[in-house]
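Reading the structure
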Amino acid sequence: MTVRLRGVVEPMTYQGGTSDGMHFRVGGSPSNPTYNIYSFAVSDPPEVYYLNDNPNVGHDTFIIDHTKTIPIRGGATVTFVGDGQNGVEIANYKHLVVDGIPPAPEPFIGQFIQLDVLSVEAAQP
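A brief report on the enclosed structure follows. (Residues numbered from 1 in each chain as written. Predicted model: local features only at pLDDT ≥ 70, side-chain atom pairs only at ≥ 80, totals over all residues. Heavy atoms only, no water.)

With that out of the way, let us pick up the overall build of the chain. Regarding its fold elements, the chain presents zero helices and ten strands. Computed over C-alpha atoms, the radius of gyration of the chain comes to 15 Å, within 12% of the 14 Å expected from 2.2 N^0.38 for 125 residues, which places it in the range of a compact globule. Seen through its C-alpha atoms, the chain measures out along the principal axes to roughly 50 × 35 × 25 Å. Taking as baseline every contact in the chain between residues at least 6 positions apart, the subset at least 24 positions apart corresponds to 69%. Counting only carbon and sulfur atoms, one obtains 54% of the accessible surface of the chain, whose full area is about 6,800 Å². (Helix = DSSP H or I, 4+ residues; strand = E, 2+ residues; numbered from the N terminus. Rg over C-alpha atoms; globule rule 2.2 N^0.38 Å. Contact = heavy atoms within 4.5 Å. Areas by Shrake-Rupley, 256 points an atom, 1.4 Å probe, with all protein chains shown as cover.)

Right, here's the structure in full:
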């Protein structure tokens, strides 16, 4: 399955797993108790994908734009998580705009992620 994930998020640090491009991590676990965790998990084969991986946390936001092909078996579930651990979200004070996602061309005030499924293909035996 190929997905595209775009949005405005705050940075979070993770440990373990593998960094896969800017701000995207496969596997691992959160390593800070206060910043937002953005992820999705696939039940089969089991894996978690973190969407706001960053070397440091801080009072900041940035744009993510990930296009990834992930393995998923028929009948599996995909669970999307937005966990604001401390109940506080950093505003989009830089007025970042994600082209093509409303309210563009105006900025969205807070944080968000849009997930689009681009394609689903059967694996080759």
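Structure's up, so let's keep going.
A few words now on unusual backbone geometry. Most peptide bonds are trans, and most residues other than glycine sit at a negative phi. Of note, the amide linkage connecting Pro102 to Pro103 takes the cis form, showing an omega dihedral of 15 degrees. Of note, Pro103 is situated in the loop between β9 (78-83) and β10 (112-119). Here the residue pair Ala104 and Pro105 is connected by a cis peptide bond, since its omega of 15 degrees sits within 30 degrees of zero. When you line up the elements, Pro105 lands in the loop between β9 and β10. The backbone phi angle of His23 is positive, close to 70 degrees, even though this residue is not glycine.

Let us look at the nonpolar core. By size, the foremost hydrophobic cluster in this structure holds 14 residues, and its most contacted members are Leu5, Phe40, Leu51 and Ile113. If you list the elements that add at least two residues to this core, you get β1 (2-9), β6 (37-43) and β8 (62-69). When near neighbours in sequence (up to four residues on either side) are disregarded, Leu51 contacts Leu5, His23, Phe24, Tyr38, Ser39, Phe40, Ile64, His66, Phe80 and Ile113. By size, the runner-up hydrophobic cluster in this structure holds seven residues, among which are Met12, Val48, Tyr50 and Ile90. (Core = buried A, V, L, I, M, F, W, Y, C linked by side-chain atoms within 4.5 Å. Buried < 20%, exposed > 50% of the residue type's maximum accessible area, 1.4 Å probe, protein only.)

Next up on the list: empty space enclosed by the protein. Using the criterion set out here, one finds one cavity of 30 Å³ or more in the structure. Taken as a whole, the largest cavity encloses approximately 40 Å³ of empty space. Considering the residues around the largest cavity, the lining is formed by Val8, Leu96, Val97, Val98, Ile101, Pro103, Ala104, Glu106, Pro107, Phe108 and Phe112. (1 Å grid on protein atoms, 1.4 Å probe; cavity = no way out; pocket = protein on both sides within 12 Å on 5 of 7 lines; lining within 4 Å. Points joined across faces, edges and corners; volume = space filled by probe spheres on them.)

Here the focus is a nonpolar patch on the surface. Residues Phe80, Leu115, Val117 and Val120 make up a contiguous nonpolar surface patch of roughly 350 Å² in combined accessible area. Checked against the element boundaries, Leu115 lands in strand β10. Judged by relative accessible area, Leu115 falls into the partly exposed class, the value being 34%. (Patch = residues over 30% accessible without salt bridge, like charges linked within 9 Å, V, L, I, M, F, W, Y side chains within 5 Å. Salt bridge = Lys/Arg side-chain N within 4 Å of Asp/Glu carboxyl O.)

Attention now moves to the packing of aromatic side chains. This structure, assessed with the given rule, holds four aromatic pairs. With a centroid separation of 6.0 Å and 35 degrees between ring planes, the pair formed by Phe24 and Tyr49 is classed as tilted. Of this pair, Phe24 sits in the loop between β3 (18-19) and β4 (25-26) while Tyr49 is found in strand β7 (residues 46-50), placing the two residues 25 residues apart along the sequence. Taken individually, Phe24 and Tyr49 each receive the classification buried, so the pair is uniform in this respect. When the ring of Phe108 is compared with that of Phe112, the centres are 5.2 Å apart and the planes differ by 75 degrees; the resulting orientation is edge-to-face. (Phe/Tyr/Trp six-rings, centres within 6.5 Å; stacked < 30°, edge-to-face > 60°.)

Turning to its location among the elements, Val78 is positioned in strand β9. You can call Val78 partly exposed: its relative accessible area is 38%. Residues Val78 and Ser43 lie 35 residues apart in sequence; the distance between their C-alpha atoms is 6.5 Å.

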